[in-house]
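Here is how the chains run, residue by residue.
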Amino acid sequence: MRFSFFMRSLLLHPCGGSIITVRSKTTSGQYVASRSRDPVFEKLMDKYKNLLKVIAIQDLILANPTAEPPSVSIEFLSRLSQKLHLNRGAASFLRKYPHIFHVLYDPVKSQPFCRLTDAAMEISRQEALAINASLPVVVDRLVRLLSMSISKSVPLRAVFKVWRELGLPDDFEDSVISKNPHVFKLSDGHEPNTHILELVQEEGKESLNFEAAVEKWRVVECCEEDCSVDRTEVQFSFKHCYPPGMRLGKNFKAKVKEWQKLPYVGPYEDMVGKKRNKSGVMGVEKRAVAIAHEFLSLTVEKMVEVEKISHFRKCFGIDLNIRDLFLDHPGMFYISTKGKRHTVFLREAYERGRLIDPNPVYDARRKLLDLVLLGRHAALSDSRETDMSEEE
């Protein structure tokens, strides 16, 4: 992709001058390392690193239906320490978060167990209630996801990869898919033990006409009284906001302006039978960006692991490397490599490390993050947390 080559070279040499680095001679690792760091997102991912580990243990505890209250043995967690990235062992990690985990000894089984504190259980309950209350929104998200697919279908295993990011209930096969047979259908895949989630398309019924998040932004932008942008340019534009301190050369700005004006096929437009337009490869890339932008807009926290979204690449008809696509457009996306994973954020959705337009599920998850940040600090004022002093 010529535009990607040029963008990458400009990002590596933003001040202009002779461009001596080309994509073919720049490894992905070098390109990721060369990106302009955004301290706000890096600080946020520093917090999320341990939150993700906490969530993994929380899910294991809540998945144990035989215990009341739900609990899991420390021995079991210790066997999973490497998989859960608990570098100093399970017991040491649990002791770091007394506001979330309560360790107790079971004299009958002669071994220590771990359960969630009352505060953590309440947050989990609030998140579940928020998800159940938003089931119509969840159905809409899933329909939009399928509508972006060329075949209006995606492998079920790909949906399992992002069920939490999409705010789906953990039993979404029953509570969302099976309960909406007029919307969704499961069929056998080409490989053994695989299933395909399809969008039910009734004959004679017009296809759904969705408005993408970027299109809503364009309408708002054009209606602003102090809009300084030419309204004819906004019709194909995306919102850009670069990391503080990133130097943008004239060539880079000119190429971005040219790309913004480029017409494109929206993420929900049917590509079947359509010929490639005059914009050629740059138009293909712009459609891929539109799909990635819309995918992130559908997530609860406007963020997702790059590896997870890559599972949808073929379904969406994206022939480009997803990670490179994000790196080539730093004004829209930011990739963090914290926590031994590549996580991409939708820039425009955040301000000072928080969502500009939060939702109930996000709010509940932020409460758990607040408990993570408390660490071993003073116990919460709520008296129900007094029993956690036993863990020190």
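Residues numbered from 1 in each chain as written. Predicted model: local features only at pLDDT ≥ 70, side-chain atom pairs only at ≥ 80, totals over all residues. Heavy atoms only, no water.

Asks: Could you clarify how one ought to interpret the pattern of salt bridges in this entry?
Replies: Pairing of side chains with opposite charge becomes possible as their charged atoms draw close. Taken as a whole and assessed by the stated rule, the structure comprises 15 salt bridges. Of the charged contacts, one joins K338 and D46 as a salt bridge, the two residues approaching to 3.6 Å between their closest N and O atoms. Placement of the pair is K338 in the loop between β8 (333-336) and β9 (343-346) and D46 in helix α3 (residues 39-62), with a sequence separation of 292 residues. What makes D46 partly exposed here is its relative accessible area of 34%. The partner of E258 in a salt bridge is K255, and the shortest N-O contact between them spans 3.4 Å. Highlighted residues: E258 and K255, both in helix α12 (residues 250-261), separated by three residues, approximately one helical turn. By relative accessible area, K255 is classed as partly exposed at 22%. Overlapping salt bridges bring together E165, E305, K308 and R341 as one network. (Salt bridge = Lys/Arg side-chain N within 4 Å of Asp/Glu carboxyl O. Helix = DSSP H or I, 4+ residues; strand = E, 2+ residues; numbered from the N terminus. Buried < 20%, exposed > 50% of the residue type's maximum accessible area, 1.4 Å probe, protein only.)

Asks: What is the right way to read a positive patch on the surface from this model?
Replies: On the surface, a cluster of positive charge is contributed by R88, R95, K96 and R376. Position of R88 among the secondary structure elements: in the loop between α4 (74-79) and α5 (90-95). (Patch = residues over 30% accessible without salt bridge, like charges linked within 9 Å, V, L, I, M, F, W, Y side chains within 5 Å. Areas by Shrake-Rupley, 256 points an atom, 1.4 Å probe, with all protein chains shown as cover. Lys, Arg positive; Asp, Glu negative; His and termini not counted. Charge placed at Lys NZ, Arg CZ, Asp CG, Glu CD.)

Asks: I tried to follow the pairing of strand β2 (residues 101-106) on my own but got confused; where do I start?
Replies: Side-chain direction in a regular strand flips from residue to residue, so the side chains alternate between the two faces of the sheet. Looking at chain direction, β2 and strand β3 (residues 111-116) are connected through six bridges and run antiparallel. Opposite Y105, over in β3, you have P112 as the bridge partner. Hairpin connection from β2 to β3: four residues lie between these consecutive antiparallel strands, with S110 at a positive phi of about 55°. (Pairing = 2+ DSSP bridges.)

Asks: Just to check I follow, could you spell out the sheet that holds β8 for this structure?
Replies: Read from one edge of the open sheet, three strands run β7-β9-β8, paired in antiparallel fashion. Edge strands, defined here as strands with exactly one partner in the open sheet, are β7 (303-305) and β8. Put simply, the sheet's adjacent strands are angled 25° from each other on average, direction ignored. Relative to β9, β8 runs antiparallel, the two being bridged by four bridges. Residue pairing in the sheet places I335 in a bridge with V344 of β9. Across the face of the sheet, α3 comes into contact with β7, β8 and β9 while running at roughly 45° to β8. (Axes fitted to C-alpha atoms, helices over the stretch in contact; angles between N-to-C directions. Contact = heavy atoms within 4.5 Å.)

Asks: What exactly am I supposed to notice about helix α16 (residues 360-374) here?
Replies: In an α-helix, one turn spans 3.6 residues, which is why side chains three or four residues apart end up on the same side. In this model, α16 (15 residues) spans 22 Å end to end at C-alpha, consistent with the 21 Å of a helix rising 1.5 Å per residue. Taken together, the buried positions of α16 are V361, Y362, A364, R365, R366, L368, L369, L371 and V372. Taken together, the buried residues of α16 touch α3, α6 (118-133) and β11 (354-355). Downstream of α16 by one or two residues, G375 has phi in the positive range, about 55°. (Expected span 1.5 Å × (residues − 1).)

Asks: Any chance you could explain the sheet that holds strand β5 (residues 184-188) here in plain terms?
Replies: Note: strands within a sheet are paired through backbone hydrogen bonds, in either parallel or antiparallel orientation. On the basis of which strands lie adjacent, the open sheet formed by three strands has the order β4-β6-β5 and antiparallel pairing. Here the strands that pair on one side only, and so sit at the sheet edges, are β4 (153-155) and β5. In this sheet, neighbouring strand axes are inclined to one another by 25° on average, regardless of whether the strands run parallel or antiparallel. Relative to strand β6 (residues 195-199), β4 runs antiparallel, the two being bridged by three bridges. Its bridge partner being in β6, P155 is matched across the sheet by I196. Sitting on the sheet, helix α7 (residues 135-148) is in contact with β4, β5 and β6, with an inclination near 100° to β6.

Asks: Is there a simple way to explain the nonpolar core in this structure?
Replies: Generally speaking, nonpolar side chains in soluble globular proteins are found buried as a group. The biggest cluster of nonpolar side chains holds 97 residues, and the ones touching the most others in it are I100, F101, F184 and F326. Shared between two domains, this core takes at least three residues from each, and those domains are domain 1 (45-116) and domain 2 (123-241 + 251-268 + 279-369). (Core = buried A, V, L, I, M, F, W, Y, C linked by side-chain atoms within 4.5 Å. Domains from an automatic or database assignment.)

Asks: So what exactly am I meant to see when it comes to the environment of C241 here?
Replies: When you line up the elements, C241 lands in the loop between α11 (231-234) and α12. The class for C241 is partly exposed, based on a relative accessible area of 29%. Put simply, C241 and F333 are 92 residues apart on the chain and 9.1 Å apart in space, counted from C-alpha to C-alpha. Ignoring anything within four residues of it in the chain, the contact list for C241 reads P330, G331, R347 and E348.

Asks: Can you help me understand the pairing of β3 in this one?
Replies: Across the six residues of β3, five count as buried, placing the element largely inside the fold. Across three bridges, the pairing between strand β1 (residues 71-73) and β3 is antiparallel. In the strand pairing of β3, V72 is matched with C114.

Asks: Looking at this structure, how should I read the packing of aromatic side chains?
Replies: The relative placement of two aromatic rings is captured by the distance of their centres and the angle of their planes. For the coordinates displayed, the defined rule picks out 14 aromatic pairs. For the pair F238 and Y264, a centre-to-centre distance of 5.9 Å together with 55° between the ring planes defines the contact as tilted. Within this pair, whereas F238 is found in the loop between α11 and α12, its partner Y264 is found in the loop between α12 and α13 (280-298), the two being separated by 26 residues in sequence. Across this residue pair, the class does not change: F238 and Y264 are buried. Grouping aromatic residues by their ring pairs yields a cluster made of F41, Y334, F345 and Y350. In this structure, R218 is placed above the aromatic ring of F238, and the distance from its NZ or CZ to the ring centre is 5.4 Å. (Phe/Tyr/Trp six-rings, centres within 6.5 Å; stacked < 30°, edge-to-face > 60°. Lys NZ or Arg CZ within 6 Å of the ring centre and 35° of its normal.)

Honestly, it's all geometry; don't read function into it.
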